[in-house]
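Tertiary structure, described
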Amino acid sequence: TREGKQESVADMTDLLSSVIAAHGGLDRWRTVRAIDVTFNFSGGLLDIKGFPGHRRPSASVDAATPRTVFQRLGDESDDRWIFTPNRVWIERRDGTVVEERSDPRAAFAGHVRETPWDRLHLTYFLGYAIWNYLSAPFLFARTGFTTRELEAHVEGRETWRVLEVTYPDDVPAHTKVQKLYFGDDFMLRRLDYVTDVLGGVAAHYCYDQVTIDGLVFPTLRRVVRRTPEGPLLSGRTSFILDYTNLVVRK
């Protein structure tokens, strides 16, 4: 019924607005121009894709539009690896383009978990992922996103509230519909998604929140495979991100 629909929207709005407020609020977020971060990342997924070992690049994320610029992502320390939704490229310090690809998401067509990646695949995947991670939850208040609260979830000794987020088509993400789990403090504990560009079914855990200029960010993220029986917490880590330095630019 229309009355029931209005009630569910009100419930949804309450959870999302509480989450955004707990992370610093939209007014504060809207003063941000960019976020700079240095991070460690590694994982079994990257080994499979042809990028083994630990890497420690830096990234600059545009707060207003999907754009991420990496440095020290490859062996040539001066190169910049740049993600935008419609084009990814690698350039020298002087701006000379070394490699580029238009419509980068289409380059994943037909891929399975074992399909190796080139450097532009990695630029796209890591670029949209980092941009999403650092923009959430403020991102979900944008026009085009829809959210609704689902039934609560019990994990360990905690009960988490669950928000289903549906992305608009023009915002790149792992997948269009994602589930986010929040604790009593409205901090993100876990998110579930399917990684469309490689077919992975993931549970993604968040830890170690820090507050910078009044905004809250989890600084440790661990991704594991998710099965119908639940996340494989004792299994191999698919992907791990550890932020070692985070700066908010206004």
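Everything below is about the structure shown above.
Heads up: these notes are all about the structure in this document. Worth saying up front: this structure is predicted, and the values here are computed from it rather than measured. (Residues numbered from 1 in each chain as written. Predicted model: local features only at pLDDT ≥ 70, side-chain atom pairs only at ≥ 80, totals over all residues. Heavy atoms only, no water.)

Points about the pattern of salt bridges
This model, assessed by the stated rule, comprises 16 salt bridges. Arginine 101 is paired through a salt bridge with aspartate 118; the nearest N and O atoms lie 2.6 Å apart. Pair noted here: arginine 101 is in strand β6 (residues 97–102) and aspartate 118 is in the loop between β6 and α4 (119–135), with a separation of 17 residues, a long-range link. In this structure, the salt-bridge partner of glutamate 164 is arginine 148, at a minimum N-O distance of 2.6 Å. Separated by 16 residues along the polypeptide, glutamate 164 in strand β8 (residues 158–166) and arginine 148 in strand β7 (residues 146–155) bring together distant segments of the chain. Taking the relative accessible area as the measure of exposure, arginine 148 reaches 46% and is therefore partly exposed. (Salt bridge = Lys/Arg side-chain N within 4 Å of Asp/Glu carboxyl O. Helix = DSSP H or I, 4+ residues; strand = E, 2+ residues; numbered from the N terminus. Buried < 20%, exposed > 50% of the residue type's maximum accessible area, 1.4 Å probe, protein only.)

Observations concerning the packing of aromatic side chains
Counted according to the given criterion, the structure contains 15 aromatic pairs. Judged by centre distance (5.8 Å) and plane angle (85°), the rings of phenylalanine 108 and tryptophan 117 are edge-to-face. Ring centres 5.9 Å apart and planes at 85° place the aromatic pair phenylalanine 125 and tyrosine 128 in the edge-to-face group. Of this pair, phenylalanine 125 and tyrosine 128 both sit in helix α4, three residues apart, roughly one helical turn. Across the pair, tyrosine 128 and phenylalanine 125 agree in class, each one buried. An aromatic cluster is built from Phe39, Phe41, Phe70, Phe83, Phe108, Trp117, Tyr124, Phe125, Tyr128 and Phe239, whose rings are joined through pairwise contacts. The residue whose ring lies beneath arginine 87 is tryptophan 89, and the NZ or CZ to ring-centre distance is 3.9 Å. (Phe/Tyr/Trp six-rings, centres within 6.5 Å; stacked < 30°, edge-to-face > 60°. Lys NZ or Arg CZ within 6 Å of the ring centre and 35° of its normal.)

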